[in-house]
Amino acid sequence: MESVNAYSVQNSDFIERIDVLCPKCQKKALVIGAMANASRDEIEERVRFSCSSCGYAIRLANTPKVLFYQNSRGKAVYGRVLHMNVPIDPFFGFSVWYQMDTVHGLLWAYNEQHLEVIERHIKDQHRRRSGILYMNRSIGSRLPKGVSSSKNRDYLLKLIQRAKKRS
């Protein structure tokens with residue numbers, strides 16, 4: 001993967017393949033996701049979870065939807081909620097595999113590529129913004145201040161290396 005500026009990508013750019021903790025056996029599993037702007041039908045068809053350790057597998061289309069509201073005629077309207085920018089996968093709500101408790105808060109990533117972008121951002125001594133105005137949803141602008149601080153660089157890089165070895 002070529003070098004990606006953390007200010008030019010968002011967490012949602014990494015949700016097509018998410019490494020998660022299997023809720024049954026607590027080992028590494030995979031969620032095949034879809035882009036956040038995909039159609040409702042595409043998300044229903046494409047998104048699935050599977051664990052190669054215990055064999056647990058589900059499709060998003062086979063899980064219950066949540067009640068959003070009742071319309072003016074009393075008809076219930078159901079749908080799905082994507083949980084974005086939190087350390088769980090957006091579709092099923094399983095914990096992401098790459099989570100590191102730091103003294104500055106929780107550092108997490110959806111997959112190894114996401115983790116590498118964060119790692120490069122921490123290593124980079126001369127961070128340049130993307131030049132896109134109002135890009136406050138980027139990974140670089142959403143990381144806690146302690147994570148972006150140069151005095152914590154070695155500590156955080158050791159934690160990231162430990163998380164990579166865990167997989």
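Up top is the structure these notes are about.
These remarks concern the structure in this document. (Residues numbered from 1 in each chain as written. Predicted model: local features only at pLDDT ≥ 70, side-chain atom pairs only at ≥ 80, totals over all residues. Heavy atoms only, no water.)

### A closer look at the side chain of D19
With respect to the helices and strands, the residue D19 is situated in strand β1 (residues 17-21). Dropping the residues within four chain positions of it, D19 is found in contact with K28, A29, L30, V96, W97, Y98, Y110, N111 and E112. (Helix = DSSP H or I, 4+ residues; strand = E, 2+ residues; numbered from the N terminus. Contact = heavy atoms within 4.5 Å.)

### Overview of the nonpolar core
Membership of the largest hydrophobic core comes to 40 residues, with the highest contact counts inside it found for F49 and L107. Mapped by element, the contributors of at least two residues to this core are β1, β2 (28-32), β7 (98-102), β8 (105-109), α2 (112-123) and α5 (153-166). Dropping the residues within four chain positions of it, L107 is found in contact with Y98, Q99, M100, T102, I118, I122, L143, V147, L156 and I160. (Core = buried A, V, L, I, M, F, W, Y, C linked by side-chain atoms within 4.5 Å. Buried < 20%, exposed > 50% of the residue type's maximum accessible area, 1.4 Å probe, protein only.)

### Comments concerning the pairing of β8
Sheet topology places β7 next to β8; 5 bridges connect them, and they run antiparallel. Within β8, the position partnered with Y98 by the bridge is A109. Two successive antiparallel strands, β7 and β8, enclose a turn made up of 2 residues. (Pairing = 2+ DSSP bridges.)

### Let's talk about α5
Helical geometry note: an α-helix holds 3.6 residues per turn, so side chains three or four residues apart project in the same direction. With 14 residues, α5 extends 20 Å from end C-alpha to end C-alpha; this agrees with the ideal 20 Å at 1.5 Å per step. Those residues of α5 that are buried are in contact with β7, β8, α2 and α4 (145-148). (Expected span 1.5 Å × (residues − 1).)

### A few points about the sheet that holds strand β3 (residues 48-50)
In spatial order, the strands read β1-β2-β3-β4; together these 4 strands make up an open sheet with antiparallel pairing. Strand pairing shows two members of the sheet lacking a second neighbour, β1 and β4 (57-59), which therefore form its edges. Along the sheet, successive strands turn relative to each other by an average axial angle of 20°, direction set aside. (Axes fitted to C-alpha atoms, helices over the stretch in contact; angles between N-to-C directions.)

### Examining unusual backbone geometry
Here Q26, not a glycine, exhibits a phi torsion of approximately 65°, which is positive. As for its placement among the helices and strands, Q26 is situated in the loop between β1 and β2. Its identity as a non-glycine residue notwithstanding, N85 has a phi of 60°, on the positive side.

### Observations concerning the state of the cysteines
Taken as a whole and judged by the stated rule, the model has 0 disulfides. C54 provides the cysteine sulfur closest to C22, a residue in no disulfide bond, and the two sulfurs are 3.7 Å apart. Classification of C22 as buried rests on a relative accessible area of 0%. No disulfide involves C51; its nearest neighbouring cysteine sulfur is the one of C25, lying 3.6 Å away. Since its relative accessible area comes to 4%, C51 is described here as buried. (Disulfide = S-S within 2.5 Å.)

### Points about the packing of aromatic side chains
To describe a pair of aromatic rings, you give the distance between the ring centres and the angle between the ring planes. Tallied over the full model, the rule gives 5 aromatic pairs. Seen in terms of ring centroids, W108 and Y110 are 5.0 Å apart; in terms of plane orientation they differ by 70°. Their pairing is edge-to-face. Per residue, the accessibility class of W108 equals that of Y110, and both read buried. Grouping aromatic residues by their ring pairs yields a cluster made of F49, Y56, F92 and F94. We note K24 situated over the ring of Y56; from NZ or CZ to the ring centre the distance is 4.9 Å. (Phe/Tyr/Trp six-rings, centres within 6.5 Å; stacked < 30°, edge-to-face > 60°. Lys NZ or Arg CZ within 6 Å of the ring centre and 35° of its normal.)

Note that every value here comes from positions in space, so none of it alone points to a role or purpose.
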